[in-house]
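Residues per chain, in single letters:
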2 protein chains.
Amino acid sequence: MTTSPRGGGKRPAPVPRVRLVDVAREAGLSKTTVSAALNGTGRLSDAVRLHARETARRLGYRPNASARLLRAGHARLIGYAVREYVDTPWSYMESPYFAQLTSASAQAALAHGYALVLLPTHSARDEWADLPLDAAVMADPLVGDPLVEDFLAARIPVVSDRRVEGRPGAHWVDVDHETAIRGVLDHLEAGGARRIGLVGAHSTSLFYEAGLTAYQAWCRERGFPPLVGLAPHPSTQATRAAIDLLLASPDRPDALFILIEDSPLSILDAIRAHGLRVPEDLLLACVSDDPMAGRTDPPITTLSLRPSEIATVGMELLINALESGDRTPTGRLVETRLEVRGTSRRGGGAEASGPPRTG
Amino acid sequence: MTTSPRGGGKRPAPVPRVRLVDVAREAGLSKTTVSAALNGTGRLSDAVRLHARETARRLGYRPNASARLLRAGHARLIGYAVREYVDTPWSYMESPYFAQLTSASAQAALAHGYALVLLPTHSARDEWADLPLDAAVMADPLVGDPLVEDFLAARIPVVSDRRVEGRPGAHWVDVDHETAIRGVLDHLEAGGARRIGLVGAHSTSLFYEAGLTAYQAWCRERGFPPLVGLAPHPSTQATRAAIDLLLASPDRPDALFILIEDSPLSILDAIRAHGLRVPEDLLLACVSDDPMAGRTDPPITTLSLRPSEIATVGMELLINALESGDRTPTGRLVETRLEVRGTSRRGGGAEASGPPRTG
DNA sequence: TTGAAAGCGGTACCAG
DNA sequence: CTGGTACCGCTTTCAA
């Protein structure tokens, strides 16, 4: 009994955890045998196996995960950070897109035997350097994201939900922005819109950049005036301000396409505050994965980015890379879904003042 | 250069990671010295320290986290599971309460130097046995939750957002249900309600149990009839069904108190489908942390459980226990907040048909 | 000021 | 069928 902890002090001395050797000694066996017995490996007699297990159970033995990890060489842990919200850390869970992306990522990871570790949006290196991460998911990375650089430099494969240049270990999933944005704009145009206002955000996020670019190209082709309202950051207040700016301007748009995922009700409110009716005075389409958008009055036409799909596909790519050890970058596009609802349909019929240009 | 990996094969052979010893050899120093140099420990000449660091940088050395963990004896990792949604895993992120609880927990953990690991709601032991968890957060645990038992048996401290019996290592934060529920009921009564319907859920979650108990006691004291609608689980559909049942009954309530956190709009819809006006025909109060509740028409009176507060306090308790090694259970109550809004105020004045009983 | 060596707690060879 | 032993990669005495 040389190692028995003597409980003498007031404060319950940190009870030394039961280790494998303790079980072995108690059972009169060797570490090896007990390990094999508990893991179901090796060829052991049933009697010994049972005895080892029983002893372990009796002592309340729990294998030390860190030790196993070191031995195994991997932790089956995947880091997860939402980069877009660098300034307002953590608030992202309240965004349906990120809420769904997060839970779907966790779910997909678990399905492959990995667990997700939540990292702060502003994550500096020392926040995760001590974590045994096998890979990382970067949601909505910045342009030339330093955190992504860090991971890659550490040879930790990364998947992001925005297209990135193909560097070793950098995988991505994305929506086809061009097609998606144009799809919405075409739809609004078909509904009679000729002056479509775009509400985006000033942000280093790739999403708004791509959206803006596609929008401007589309407008140029049509000869439509580009009407852009840029929020300094993707928040409800800033979005509202951007909408206000656009709607108060002398050349008021006849349709609005909101790139910022904001509360459907809040957007409707903002518009109505200008005395405009939707869809009679103004057509509306929003990028949103909020189920609420289908329940407002009128229900809002949305472009769904399908975060669950993105997460599932992304995790697939990541796990493949991880388990094959192949660092050649992979990527995949997932389809968006345009949910046409009341806010982009005028009175059930076409009210277009001219035929939509084709081509 | 005896160990230099020769790149010859087509497939980039899994490049052996650079280890401390590799850096040491390259720098012509010992492991010890390099380790000290990188960690800023020990007494080394500036020249050596710099040289070691430079070499490490040049080789792209990253310390192996698993090895450090084993050495350190802890991983600074905290497991997190939402237990209530056992049947519908992961959907919880779309609930404002859990979204806020989750992000606030992650944030609080990080602030203490820990990271949160997302566990599935149905988490069996083998899902986390391999994870080097120092502690765990159990959101909305079941009664006699087996997962909690597992953690405690493994001597892993647990904090939950529901009061639990004081077993070693089991910490908790909770709201004072009794006071909170009674506060809402009193408020509704003061607004003239005499037949308050309660919508709860059939669930092993402690929350609904406590709510129901408090409600029944309150009704008994007042001599008011208990009108309870129980959803089989806390979903929008089930909630709506429960509301329907209550409102369609011959003794229709004149006020509704919804314990299930559901979409504010959906609840309002459900009520209006019965041709009832809020608050004229029916007073309404909901348990909710959805900011949207303040923006509906009319805005909804809510009981906020203050998940961020709960998470912060809970994490504090947990970290304290962790770092002091003290397993004596601790617990704390946090205050709820009753946000009185339009749905529980009739026309700005009291319309009570009788004086509210006091006592 | 620097380095050798002993662990941290398991797992997996290979010899008996 | 079972047990000694060498590792996994890092930190930390302690001796030189």
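Source: prediction; values computed, not measured. Every chain is numbered on its own, with residues counted from 1 as its sequence reads. Just so you know, chain letters begin at A and ligand numbers begin at 1, following the order they were written in. With the structure being a predicted model, the display of local features is reserved for residues of pLDDT at least 70 and the display and counting of side-chain atom pairs for 80 or more, all residues being used for whole-chain, interface and lining totals. Computation of side-chain values: all heavy atoms of the structure, hydrogens and water removed.

Enquirer: Before we go on, may I ask you to explain the sheet that holds strand β7 (residues 227-231) of chain A in this structure?
Expert: One key point about sheets: their strands pair by backbone hydrogen bonds, in either a parallel or an antiparallel sense. Residue and element names in this part refer to chain A. Pairing between strands requires that DSSP locate at least two bridges from one strand to the other. Secondary structure elements follow DSSP: runs of H or I of four or more residues count as helices, runs of E of two or more count as strands, with numbering from the N terminus. Pairing is mixed across the open sheet formed by 6 strands, whose spatial order is β7-β6-β8-β9-β10-β12. The open sheet has two free edges, formed respectively by β7 and β12 (337-339), since each of these has just one partner strand. The sheet shows a mean angle of 15° between the axes of neighbouring strands, direction not considered. On top of the sheet, helix α9 (residues 206-222) reaches β6 (196-201), β7 and β9 (283-287); it is set at about 160° to β6, its chief contact. Any two residues having at least one pair of non-hydrogen atoms within 4.5 Å are treated as being in contact. Note on method: axes are straight lines fitted to C-alpha atoms, helices fitted across the in-contact stretch only, with angles between N-to-C directions ranging 0 to 180 degrees. In the packing of helix α11 (residues 264-272) onto the sheet, contacts are made with β8 (255-258) and β9, and the angle to β9 comes to roughly 150°.

Enquirer: Would you take a moment to explain the protein's contact with DNA strand D for this structure?
Expert: Near is defined per residue: the residue qualifies when any heavy atom it owns lies within 4 Å of the molecule or strand. Around DNA strand D, a shell composed of 22 residues is seen, among which T32(A), T33(A), R71(A), L20(B) and K31(B) lie nearest. Here, DNA strand D places atoms within 4 Å of the protein, and 59% of those atoms are sugar or phosphate. Contact distances for DNA strand D include 2.8 Å between a phosphate oxygen and a side-chain N or O atom of R68(B). In protein, a polar contact means a hydrogen-donor-capable atom and an acceptor-capable atom, both N or O and within 3.5 Å, with residues adjacent in sequence counting only if both atoms are side-chain atoms; elsewhere, any N or O pair within 3.5 Å suffices. The separation between a base oxygen of DNA strand D and a polar side-chain atom of R71(B) is 3.3 Å. Take the surface near DNA strand D: its biggest share by element is 4 residues, from helix α2 (residues 31-39) of chain B. Under the convention adopted here, Pro, Cys and the residues Ala, Val, Leu, Ile, Met, Phe, Trp and Tyr are nonpolar, Asp, Glu, Lys and Arg are charged, and Gly plus all remaining residues are polar. Residue composition of the surface near DNA strand D, grouped by class: 8 nonpolar, 8 polar and 6 charged.

Enquirer: I keep staring at the relation of the copies chain A and chain B and nothing clicks. Help me out?
Expert: Each of the two chain copies goes to the other by way of a rotation about an axis and a shift along it. The copies are overlaid by a least-squares fit using only the C-alpha atoms of residues whose pLDDT is at least 70 in both copies. Structural alignment of chain A on chain B gives an RMSD of 0.1 Å, achieved by rotating through 180° and translating 0.0 Å along the axis. Here the transformation between the copies is reduced to the relation of a two-fold axis. Within chain A, the C-alpha atom positioned nearest to the axis of rotation is that of V117(A), 2.2 Å from it. Both copies present the same face, since 98% of the interface residues in chain A are matched by interface residues at the equivalent positions in chain B.

Enquirer: Which parts of the structure should I look at to understand the pairing of β7(A)?
Expert: Residues and elements named next belong to chain A. Only one face of β7 is buried: it carries L227, G229 and A231, and the other face, with V228 and L230, is open. In the sheet, β6 pairs with β7 via 5 bridges, with the strands oriented parallel. Residue pairing in the sheet places G200 in a bridge with L230 of β7. Using a 1.4 Å probe on the protein chains alone, a residue whose accessible area is under 20% of its type maximum counts as buried, one over 50% counts as exposed, and one in between counts as partly exposed.

Enquirer: When you look at the protein's contact with DNA strand C in this model, what are you seeing that I'm missing?
Expert: Looking at DNA strand C, there are 23 residues lining it, with L20(A), T32(A), T33(B), V48(B) and R71(B) nearest. Within 4 Å of the protein, atoms of DNA strand C come from sugar and phosphate in 56% of cases. Here S35(A) contributes a side-chain N or O atom positioned 2.8 Å from a phosphate oxygen of DNA strand C. At a separation of 3.5 Å, a base nitrogen of DNA strand C approaches a polar backbone atom of A67(A). Those elements that place two or more of their residues in the surface near DNA strand C are α2 (31-39) and α4 (65-72) of chain A together with α2 and α4 (65-72) of chain B. Counting residues per element, the surface near DNA strand C draws most heavily on α2(A), at 4 residues.

Enquirer: Explain the interface of chain A and chain B here, please?
Expert: The figure often quoted for interface size is the accessible area lost as the parts come together. If you look at the interface, chain A gives 44 residues, while chain B gives 44 residues. For the pair chain A and chain B, the summed buried surface comes to about 4,300 Å²; carbon and sulfur atoms form 64% of the total. A 1.4 Å probe defines the accessible area here, and the buried area is the portion of it lost by two parts on being joined, summed over both. By the criterion of area lost to chain B, the three top residues of chain A are R62(A), W90(A) and L118(A), representing 14% of everything that side buries. A side-chain nitrogen of Lys or Arg and a carboxyl oxygen of Asp or Glu constitute a salt bridge if their distance falls within 4 Å. Linking chain A with chain B are 2 salt bridges. A salt bridge links D130(A) to R68(B); the shortest N-O distance between them is 2.7 Å. Taken together, the links from chain A to chain B amount to 6 residue pairs in polar contact (both at pLDDT 80 or more). Going through the elements one at a time, α4, α5 (96-111), β2 (115-118), α6 (125-128), α7 (146-153) and α11 of chain A are the ones with two or more residues in the side of chain A that touches chain B. Residue composition of the side of chain A that touches chain B, grouped by class: 24 nonpolar, 9 polar and 11 charged.

Enquirer: Where do I start with helix α9 (residues 206-222) of chain B in this structure?
Expert: Each α-helix winds once per 3.6 residues, and so residues spaced three or four apart point in a common direction. Residues and elements named next belong to chain B. Expected helix span is taken as 1.5 Å per residue step, with the number of steps being one fewer than the number of residues. When the terminal C-alpha atoms of α9 are compared, their 25 Å separation across 17 residues agrees well with the 24 Å that a helix rising 1.5 Å per residue should span. Within α9, burial applies to L206, F207, Y208, G211, A214, Y215, A217, W218, C219 and R222. Two residues or fewer past α9, G223 is found with a positive phi of approximately 75°.

Enquirer: I keep staring at the side chain of R49(A) and nothing clicks. Help me out?
Expert: Among the structural elements, R49(A) can be located in helix α3 (residues 46-59). If we skip the residues at most four places from it in the chain, R49(A) touches A36(A), A37(A), G40(A), T41(A), G42(A) and L44(A).

Enquirer: Would you mind going over the side chain of D289(A) with me for this structure?
Expert: Residues and elements named next belong to chain A. Structurally, the position occupied by D289 is in the loop between β9 and β10 (301-304). By the counting rule applied here, Lys and Arg register as positive and Asp and Glu as negative, while His and the ends of each chain are not counted. For the buried D289, no salt bridge exists, and the shortest N-O distance to an oppositely charged side chain is 7.3 Å, to R306. Looking at D289, its side chain comes within polar contact range of the main-chain nitrogen of L305, at 3.3 Å. Setting aside residues no more than four positions away along its own chain, D289 makes contact with P96, Y97, Q100, E261, S304, L305, R306 and P307.

Enquirer: I keep staring at the packing of aromatic side chains and nothing clicks. Help me out?
Expert: For any two aromatic rings, the description comes down to two numbers: the centre-to-centre distance and the angle of the planes. Centres within 6.5 Å make a pair out of two Phe, Tyr or Trp rings, where for Trp the six-membered ring is used; the pair is then stacked when the planes are under 30 degrees apart, edge-to-face when over 60, and tilted otherwise. A full pass over the atoms with the stated rule returns 8 aromatic pairs over all chains. Between the aromatic rings of W128(A) and F151(A), the centroid separation amounts to 4.1 Å while the plane-to-plane angle is 25°, which identifies the pairing as stacked. One end of the pair, W128(A), is in helix α6; the other, F151(A), is in helix α7, and 23 residues separate them in sequence. The same class applies to W128(A) as to F151(A), namely buried. Here the aromatic rings of Y92(B) and F98(B) are separated by 6.3 Å at their centres, their planes lie at 70°, and the arrangement is edge-to-face. Note on accessibility: Y92(B) and F98(B) belong to one class, buried. Within the aromatic cluster, the residues linked to one another by ring pairs are Y92(A), Y97(A) and F98(A). In this scheme, the term charge over a ring applies when either NZ of a lysine or CZ of an arginine sits within 6 Å of the ring centre and within 35 degrees of the ring normal. Here the guanidinium or amino end of R76(A) rests over the ring plane of Y114(A), the centre of that ring lying 4.4 Å away.

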